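Structural description and commentary
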Amino acid sequence: MRKIVVYDYSDVAKELLPRLKTGIGEIVLASKDRANFEAALADGFSPVLMDLSIDANLKKIGVGESVS
């Protein structure tokens, strides 16, 4: 199964995410911005609050393993 990482909950992500929910695989929505994280939660997503510029966080979400 594919895993797709979307970084932050921008206007583009808001348009993209509903299109990706069509069985393409697991979607990880990550945001380091608390307000965008809260907005994604309110819109029914399950985001993670983390900074993906930190290598350890990339490993936590599967980059290098299940995310390519």
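Residues numbered from 1 in each chain as written. Predicted model: local features only at pLDDT ≥ 70, side-chain atom pairs only at ≥ 80, totals over all residues. Heavy atoms only, no water.

**Points about helix α2 (residues 34–42)**
Where α2 begins, the side chain of D33 points an oxygen toward the backbone nitrogen of A35, at a separation of 3.2 Å. Just downstream of α2, G44 is the residue with a positive phi angle, here 95 degrees. (Polar contact = N/O pair within 3.5 Å; in protein donor to acceptor, adjacent residues only side chain to side chain. Helix = DSSP H or I, 4+ residues; strand = E, 2+ residues; numbered from the N terminus.)

**Description of helix α1 (residues 11–20)**
Considered for burial, the residues of α1 that qualify are A13, L17 and L20. The arc that holds every buried residue of α1, seen down its axis, measures 70 degrees, which confines them to one face. Looking at α1, the residues exposed on the side facing more than 90 degrees away from the buried face are D11, E15 and R19. Tucked inside the fold, the buried residues of α1 contact β1 (3–7) and β2 (26–31). (Buried < 20%, exposed > 50% of the residue type's maximum accessible area, 1.4 Å probe, protein only. Arc of directions from axis to C-beta. Contact = heavy atoms within 4.5 Å.)

**Things to note about the side chain of N57**
Tracing the sequence through the fold places N57 in helix α3 (residues 55–60). Not counting residues up to four positions away in its chain, the partners in contact with N57 are M50, D51 and L52.

**Structural notes on the sheet that holds β2**
Strands sit in the order β1-β2-β3 across an open sheet of 3 strands; the sheet is parallel. Two strands bound the open sheet, and with one partner strand each, they are β1 and β3 (48–49). (Pairing = 2+ DSSP bridges.)

**Notes on the nonpolar core**
With 8 residues, the main nonpolar core is built from V6, Y9, A13, L17, L20, L29, A40 and F45. It is α1 that provides the largest number of residues to this core, a total of 3 residues. Counting residues in each nonpolar core, the second largest holds 5 residues, with A30, M50, L52 and I61 among its members. (Core = buried A, V, L, I, M, F, W, Y, C linked by side-chain atoms within 4.5 Å.)

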